[in-house]
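# Descriptive analysis of the structure
Residues per chain are reported as follows:
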Amino acid sequence: MSNVNTAVKICGVEMKNPVTTASGTFGSGREFSEFVDLSKLGAVTVKGVAAEPWKGNNAPRIAETYGGMLNSVGLQNPGADYFIENDIPFLRQFDTKIIVNICGHTIEEYCAVAEKLSDADVDMFELNISCPNVKEGGITFGTVPAMAEKVVSEVRKYCKKPLIVKLTPNVTDITEIAKAVVAGGADAVSLINTLLGMRIDINKRQPVLANKVGGFSGPAIKPVAVRMVYQVGKAVDVPIIGMGGIATWEDAIEFIMAGATGVAVGSANFANPFATVEVAEGIERYMRENNIKDLSEIRGIID
Amino acid sequence: MKFVEYGEIVENIKIGANAYKMTIVLPKISAEAKPGQFVNVYTGLGEMILPRPISINEYDAEKGTLAIIYQVSGKGSEYFTTLPVGTEVRCVGPLGNGFMIDNEIKKNIIVGGGIGLPPLVELIKHLDGENHVFIGSRTTPILVERLEELGAKVHIATDDGSVGFKGNVVQLLDEVKPEGGMIYSCGPKVMLKYLAKWAMENNIPCQVSLEERMACGIGACVGCAIKIQKKGESDWQHLKVCKDGPVFFGDEVIWDE
Ligand SMILES: Cc1cc2nc3c(=O)[nH]c(=O)nc-3n(C[C@H](O)[C@H](O)[C@H](O)COP(=O)(O)OP(=O)(O)OC[C@H]3O[C@@H](n4cnc5c(N)ncnc54)[C@H](O)[C@@H]3O)c2cc1C
Ligand SMILES: Cc1cc2nc3c(=O)[nH]c(=O)nc-3n(C[C@H](O)[C@H](O)[C@H](O)COP(=O)(O)O)c2cc1C
Ligand code: FES
């Protein structure tokens, strides 16, 4: 059998394989480590971390949809200090890279968390710009190019590590936002975050989620995600971490062909706790069987 | 320690108006299980990506089997009724912490409402004291014989008065006025809310086993939030029903909203 190299490099950081976890679906890896050897993953992307603890939204926060789900967790998290003290030492026991996902309600809050984490032992930052800007009437940072560029360029100042900016799909033209964040200093982009969705309980005549609306994810959203990764790949020249409905290695290869360097497994972890490792192993098998020595041979091969 | 196990179904039968009992061969999970814990049961169907959390009704570590009792309340549970003996289902467990058992107590009050009854069966096997079980049910309840077989004294309240006391289970408690050192309970949230209030008024510590919508069931997604205010703390916090619960003390739960 031929030797294959599953490793990929994102902004100088080498991952042993392209597979990471989608933020918020895997906690800090602690719980899933009972089932999955985290050392088999290219990186673990942790749950969104804010400068101070966030309480999140009221329950119910979860609803199932056909082939997918809605969540309105509201980024509940115990804050950056807790993360530094508890989660980094835990994850460093494994041979995997750490991507810390950060969030805020204002540019100041984003900068505060980036500053708190600036000397922390993590490999990359992922900036979640799908949060509402409370100073601008709650408009999502990631939906207005100028606002997206501004938050990225401000956070960039505190970030000593590569900065991945995570794009929201809830926009008319995602390539405009991608160009704006690259102009602001993004070293890479990840996409897609959840699509805004809603479910109504027809017996109770009220929304299923206490927050009324929530983020739509899972296999059902995959075609939208593949399309957006493809479009962004054509529009900007930075590495892409693709996600949105990845449940199998075939899904991951689709994203890589669309232009992704890394791939993240999210909601599929709920359907199958082994999903991440199965995707990683499947990619390697696919490479052997097709005599692909390096993923660059198939990355972005779609015209 | 939690396990992902593919278990063979050895029994899947109807035991009540809308109650089914499924016994599954799950040696690892049943060896580790404690009363009040639950398992995630997966349909394995692409359209239903989330597991169904179901309480462990009884387990037998020697035989390596575990039983769940479920009602049909949607697509997933409906699908479970169609699974023939011999089918393999994926389960993850045991999940949650289960009940906090205090065997210093001589008299236990156990309260189950509707489909909240099943986990209380395993519980009473582990309680040394006298067990007084109070059941609230819409109509004829399930599991009464099994509870009596295990030595429990059973009191029944039904909404339609078809069996026992006519009314709800908290009204029945008011009627019987049982004494006891601990209440262990599981059932619909409204019932638990009024039970917790009753317990406070009667000065009896009360453990309630709660439900919430879940995605992971293991504490990773923060989907299953419940507002808890711990004794001596000045503010409430969102805890996870799957990992911090599903059993909490009734007087620590913030019920209203
Ligand atoms: C800790 C715990 C223990 C439980 N124990 C039992 C038990 O022993 N027997 C039993 O019959 N039921 C139990 N339930 C409720 C059971 O999880 C739901 O009845 C079941 O998930 C319904 O699935 P469905 O596909 O039939 O319904 P659908 O309405 O089609 O389900 C859609 C989604 O909502 C979720 N959901 C629906 N109802 C509930 C609910 N009440 N609680 C949590 N999630 C829900 C499902 O898991 C699924 O993700 C328990 C719930 C929890 C949280
Ligand atoms: C329960 C849940 C929590 C999430 N939390 C976060 C988060 O904290 N930060 C973030 O950037 N994205 C978050 N996401 C979005 C995912 O990381 C991912 O972008 C999205 O779910 C699409 O991928 P999937 O279809 O594979 O789940 C969350 C998604 C889910 C389902
Ligand atoms: S269901 Fe995921 S944390 Fe409880």
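The following paragraphs examine the structure supplied in this document.

Criteria and cut-off values
- Residues numbered from 1 in each chain as written.
- Chains lettered and ligands numbered in written order.
- Predicted model: local features only at pLDDT ≥ 70, side-chain atom pairs only at ≥ 80, totals over all residues.
- Heavy atoms only, no water.
- Near = heavy atom within 4 Å.
- Polar contact = N/O pair within 3.5 Å; in protein donor to acceptor, adjacent residues only side chain to side chain.
- Areas by Shrake-Rupley, 256 points an atom, 1.4 Å probe, with all protein chains shown as cover.
- Nonpolar A, V, L, I, M, F, W, Y, C, P; charged D, E, K, R; others polar.
- Pairing = 2+ DSSP bridges.
- Helix = DSSP H or I, 4+ residues; strand = E, 2+ residues; numbered from the N terminus.
- Axes fitted to C-alpha atoms, helices over the stretch in contact; angles between N-to-C directions.
- Core = buried A, V, L, I, M, F, W, Y, C linked by side-chain atoms within 4.5 Å.
- Buried < 20%, exposed > 50% of the residue type's maximum accessible area, 1.4 Å probe, protein only.
- Contact = heavy atoms within 4.5 Å.
- Salt bridge = Lys/Arg side-chain N within 4 Å of Asp/Glu carboxyl O.
- Buried area = accessible area lost by both parts, 1.4 Å probe.

## Overview of the site of ligand 2
Residue and element names in this part refer to chain A. Taken together, 22 residues are adjacent to ligand 2, and Ser23, Lys166, Gly218, Gly245 and Ser267 come closest. In this structure, Gly48 approaches ligand 2 through a main-chain N or O atom, which is 3.2 Å from an oxygen atom. One nitrogen or oxygen atom from the side chain of Asn128 is found 3.2 Å from an oxygen atom belonging to ligand 2. For ligand 2, whose unbound accessible area comes to 610 Å², protein coverage reaches 98%. Here the shell around ligand 2 is composed, by residue class, of five nonpolar, 15 polar and two charged.

## Considerations on the sheet that holds strand E13 (residues 195-198) of chain A
Residues and elements named next belong to chain A. Read from one edge of the open sheet, four strands run E5-E6-E16-E13, paired in antiparallel fashion. Taken across any chain shown, the strands that pair with only one partner, and hence form the sheet edges, are strand E5 (62-65) and E13. Recorded for the sheet is a direction-independent mean angle of 40° between the axes of neighbouring strands.

## Comments concerning unusual backbone geometry
Cis geometry is found at the peptide bond from Leu191 of chain A to Ile192 of chain A, where omega equals 10°. You can see Ile192 of chain A is positioned in the loop between strand E12 (188-191) and E13. Going from Gly245 of chain B to Pro246 of chain B, the amide bond is cis rather than trans, its omega being 5°. Relative to the assigned elements, Pro246 of chain B resides in the loop between strand E15 (237-240) and strand E16 (247-249). Of note in the backbone geometry, Asn291 of chain A takes a positive phi value of approximately 55° without being a glycine.

## Some details on the nonpolar core
Counting 141 residues, the largest nonpolar core has Val155, Leu167, Val181 and Leu191 of chain A as its most contacted members. With seven residues, the single largest contributor to this core is helix H8 (residues 275-289) of chain A. Ignoring sequence-local partners within four residues, the contact set of Val155 of chain A consists of Ile102, Tyr110, Cys111, Ala114, Leu127 and Leu163 of chain A. Counting 24 residues, the second-largest nonpolar core is a separate cluster that includes Ala19, Ile105, Ile110 and Val144 of chain B.

## Some points on the pattern of salt bridges
Per the stated rule, a full pass over the model turns up 28 salt bridges over all chains. Put simply, Arg52 of chain B and Glu64 of chain A hold a salt bridge, and the shortest N to O gap is 2.7 Å. Here Arg52 of chain B, found in strand E4 (residues 52-55), pairs with Glu64 of chain A, found in strand E5, and the two come from separate chains. Residues Arg52 of chain B and Glu64 of chain A agree in their burial class; the two are buried. In this structure, Glu122 of chain B and Lys125 of chain B form a salt bridge, with 3.0 Å as the shortest nitrogen-oxygen distance. Pair noted here: Glu122 of chain B and Lys125 of chain B are both in helix H3 (residues 118-125), with a separation of three residues, about one helical turn. Overall, the relative accessible area of 3% leaves Glu122 of chain B in the buried class. Classification of Lys125 of chain B as partly exposed rests on a relative accessible area of 34%. Three or more residues joined by partner-sharing salt bridges are found here, namely Glu58, Glu122, Lys125, Arg146 and Glu149 of chain B.

## Structural notes on the interface of chain B and chain A
Opposite the 34 residues of chain B that make contact, chain A presents 33 residues. Among the residues of chain B in contact with chain A, Glu47, Ile49 and His238 of chain B are the three that bury the most area, contributing 23% of the side total. Across the contact surface, chain B and chain A share five salt bridges. Here Lys55 of chain A makes a salt bridge to Asp235 of chain B, at a shortest N to O gap of 2.9 Å. In this assembly, chain B and chain A are joined by 16 residue pairs in polar contact (both at pLDDT 80 or more). If you list the elements that add at least two residues to the side of chain B that touches chain A, you get strand E1 (3-16), strand E7 (88-95), strand E14 (225-228) and E15 of chain B. Residue composition of the side of chain B that touches chain A, by class: 18 nonpolar, four polar and 12 charged.

## Structural notes on the side chain of Ser28 of chain A
On the secondary structure map, Ser28 of chain A appears in the loop between strand E3 (19-21) and strand E4 (43-45). Setting aside residues up to four positions removed in sequence, Ser28 of chain A forms contacts with Val44, Val46, Asp87, Phe90 and Leu91 of chain A.

## Some words on the site of ligand 1
The immediate surroundings of ligand 1 are formed by 21 residues, with Pro53, Ile69, Gly76, Ser77 and Glu211 of chain B found nearest. Ligand 1 sits at the junction of chains A and B, each of which supplies nearby residues. Taking Gln71 of chain B, its main chain carries an N or O atom lying 2.9 Å from an oxygen atom of ligand 1. Between an oxygen atom of ligand 1 and a main-chain N or O atom of Lys75 of chain B, the distance comes to 3.2 Å. Within the complex, the protein chains bury 88% of what would otherwise be the 820 Å² of accessible surface of ligand 1. Where the shell around ligand 1 is concerned, the elements lending two or more residues are E4, strand E6 (65-70) and helix H2 (75-81) of chain B.

Take it as geometry only, folks, not as evidence of what the structure does.
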